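Observations on the model geometry
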Amino acid sequence: MRHSRTFAVTAALGLALAGFGAIPATAATPTATPAPAAHYTSAAKHSAVNDRAFYDAVMKSVAKKRAANPLAAAVTVTYSTANAPSFTSEISQAAQIWNSSVQNVRLAESNGGADFEYREGDDPQNGSYASTDGHGNGYIFLDYSQNQQYYSVRVVAHETGHVLGLPDHYSGPCSELMSGGGPGTSCRNAYPNSTEKSRVNSLWRNGLTSAVKPAA
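Figured I'd write up the structure that's included with this text. Computed from a predicted structure; not experimentally measured.

Parameters at a glance
Residues numbered from 1 in each chain as written. Predicted model: local features only at pLDDT ≥ 70, side-chain atom pairs only at ≥ 80, totals over all residues. Heavy atoms only, no water. Buried < 20%, exposed > 50% of the residue type's maximum accessible area, 1.4 Å probe, protein only. Helix = DSSP H or I, 4+ residues; strand = E, 2+ residues; numbered from the N terminus. Pairing = 2+ DSSP bridges. Right-handed = clockwise from strand over helix to strand, strands pointing away. Phe/Tyr/Trp six-rings, centres within 6.5 Å; stacked < 30°, edge-to-face > 60°. Core = buried A, V, L, I, M, F, W, Y, C linked by side-chain atoms within 4.5 Å. Contact = heavy atoms within 4.5 Å. Salt bridge = Lys/Arg side-chain N within 4 Å of Asp/Glu carboxyl O. Disulfide = S-S within 2.5 Å.

**A short note on the pairing of strand S3 (residues 75-83)**
Among the nine residues that make up S3, seven are buried, leaving the element largely enclosed by the rest of the structure. Note that S3 and strand S4 (residues 105-109) share five bridges and pair parallel. Residue pairing for S4: Thr76 is matched across the bridge by Arg106. Running through helix H2 (residues 88-101), the crossover from S3 to the neighbouring parallel element S4 is right-handed. Pairing of S3 with strand S5 (residues 116-121) involves three bridges; the strand directions are parallel. For Asn83, the partnering residue across the bridge sits in S5 and is Arg119.

Right under this line is the structure:
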């Protein structure tokens, strides 16, 4: 798998899912608010509150689109790969996996105005993670080394699961996508199990209503 380390990853706007740790210098401009992040391999600083923050941020982004098109069969969540050019194939595969697994939300690539974005770079301390600043901005960061050590499509699909509202569960088996790196580097399952699918469908079925409610 080719993941060049020479890309200059620039800061960009978007929405991404909850997680925690410092933002890599190659991926974002430092902000006054620490960025929560959900890591692929460790729950040491993980919080369910952060998972919810990422999901809520994405919901805010899609709300305007839902209000404009309330009769759509499913919520469409858009993403940008502009800052993760080495991972376009893996991201596309992860999106296809989720789109084939759930019915109430769809993932689609966008060239502008995306609900969240992917970024790439080197971050030995944190690895891959999903992060939000709590103010409607965020991203999924994909670490080069970790995506060579672990099955990359699983890493991307796992982090994308945070966008859709799922928390980490590192003690789960390989058959559970949100167990992340818990089962070890030999795990190559990149699909959510039936419980994870049901949870996402439930969250976004309710989201069909909540997304079109006028702001208080």
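There is more to say after this.
**Thoughts on the packing of aromatic side chains**
In the structure shown here, the tally under the stated rule is six aromatic pairs. Both rings, one in Tyr129 and one in Phe141, keep their centres 5.4 Å apart while their planes meet at 25°; by these two values the pair is stacked. One end of the pair, Tyr129, is in strand S6 (residues 129-132); the other, Phe141, is in strand S7 (residues 138-143), with 12 residues separating them in the sequence. For the pair Tyr129 and Phe141, one class covers both residues: buried.

**Looking at the nonpolar core**
Within the largest apolar cluster, 36 residues are counted, with the highest numbers of intra-cluster contacts made by Val77, Trp98, Tyr118 and Trp204. At the level of elements, helix H1 (48-68), S3, H2, S4, S5, S7, helix H4 (152-163) and helix H5 (194-210) are the ones that each hand at least two residues to this core. A total of five residues in this core trace back to one element, the largest contributor, which is H1. Once residues lying within four places of it in the same chain are set aside, the contact partners of Trp204 are Tyr55, Val58, Met59, Val62, Val75, Val77, Asn104, Val105, Val163 and Leu164.

**Some words on the pattern of salt bridges**
This structure, assessed with the given rule, holds one salt bridge. For Glu117, the salt bridge goes to Arg119, with nearest N and O atoms at 2.4 Å. For the pair Glu117 and Arg119, one class covers both residues: buried.

**Brief notes about the pairing of S6**
Because side chains alternate across S6, one face comprises the buried residues Tyr129 and Ser131, and the other comprises Ala130 and Thr132, equally buried. One ladder, built from four bridges, connects S6 with S7; its direction is antiparallel. In the strand pairing of S7, Tyr129 is matched with Phe141.

**Here we look at the state of the cysteines**
All told, the structure shown has one disulfide when counted by the stated rule. Between the sulfur atoms of Cys174 and its disulfide partner Cys187 the distance amounts to 2.0 Å. Residues Cys174 and Cys187 are joined through a disulfide that is right-handed, its torsion about the S-S bond being 85°. Here Cys174 is found in the loop between H4 and H5, whereas its partner Cys187 is found in the loop between H4 and H5, with 13 residues between them in sequence. Residue classification places Cys187 among the buried residues on the basis of a relative accessible area of 5%.

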